[in-house]
Amino acid sequence: TLDIAGSFILAGMMLMAFNMFVLDKQDAEVLATNSVIRQSNISEATQLMMWDIRKIGYGTEPSKAVLKAEKNEISFLGDVYNNGSLDSVGHSFKEGISKGNNKKDMLYRSFNGTTVASDLDIRRMSFTYLDKNRNITNVGADVKIIIVSMEFEERLVNPGDTGTTRRMDFRITPRNLFFPK
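S.K.: Looking at this structure, I do not really get the overall build of the protein chain. What am I missing?
M.R.: Scanning the protein chain from N- to C-terminus turns up two helices and eight strands. Mapped in sequence order, the helices and strands of the protein chain form the string α-β-β-β-β-β-β-β-β-α. Within the protein chain, buried positions represent 35% of all 181 residues. Nonlocal contacts in the protein chain, meaning residues at least 24 apart in sequence, comprise 45% of its contacts between residues at least 6 apart. When the accessible area of the protein chain is evaluated, it comes to approximately 11400 Å², of which 55% is carbon and sulfur surface.

S.K.: Explanation requested: the nonpolar core in the structure shown.
M.R.: Proteins that are soluble and globular tend to have nonpolar side chains buried together. Residues Met 49, Ile 53, Ile 56, Met 125, Phe 127, Ile 146 and Val 148 are the most contacted members of the largest nonpolar core, which totals 29 residues. Mapped onto this core, the elements with two or more residues apiece are α1 (2–54), β1 (66–70), β2 (73–78), β3 (87–99), β4 (102–111), β6 (122–130), β7 (145–154) and β8 (164–172). The dominant element in this core, judged by the number of residues it contributes, is α1, at five residues. When sequence neighbours within four positions are dropped, the list of residues in contact with Ile 53 reads Phe 76, Phe 127, Ile 146, Val 148, Ile 172 and Pro 174.

The rules behind these values
- Residues numbered from 1 in each chain as written.
- Predicted model: local features only at pLDDT ≥ 70, side-chain atom pairs only at ≥ 80, totals over all residues.
- Heavy atoms only, no water.
- Helix = DSSP H or I, 4+ residues; strand = E, 2+ residues; numbered from the N terminus.
- Buried < 20%, exposed > 50% of the residue type's maximum accessible area, 1.4 Å probe, protein only.
- Contact = heavy atoms within 4.5 Å.
- Areas by Shrake-Rupley, 256 points an atom, 1.4 Å probe, with all protein chains shown as cover.
- Core = buried A, V, L, I, M, F, W, Y, C linked by side-chain atoms within 4.5 Å.

Printed below as a string of C-alpha cells:
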C-alpha cells in the first residue's frame, strides 16, 4: 500500500510540475506576443512619421513649408499623398497626459485638422533641426534636415521586473527642402 501511495504522490508531483511548465510557457508566449505587437505599433508610427516628414514642402514654397520647429513638435505643409492637395501635418510628443487614473506620454499626429493620439510606451521623443550648413536651427525657413530621437520602454508584467529601454534615432532630409526646384 505504501508503493501505491508513493506512486500517487509522485504522479501528483509530476502533474504539478507539468502544469507549472505549461503555465510558464503560456506567460512567456503572452509576453513575447505583447512585445511584438508593441514593436509593430511603434514601427508603424515611426514609418508614418518618416513618410510625412519626407513630404515637407511638396506643392508649396519650401521656405514657407515648416510652420513650427520645436523640440517636441513639428508642423508643416506638403502634398503628403501626391494628389495635388496641400496638407497640413503635425507630429508632437507630450509627457504626462492624464488618461483615467494614469499619466501617459502620448504621441500625436494631426492631419488636416484631425488629431490622433497614440500611447506607444514612448518615454522621450525630440526633434532636432539642421540648416544647410548642419547647424542647429528652429527657424522654419532654414530647416533642411530633421533628426528624430525616441526612447521607448518594453514593459514587463511581473512585479519588480524593469522594462528594457530602447533608443531609436533617424535622420530625414526632405528632398524638397534641401534641393528645392
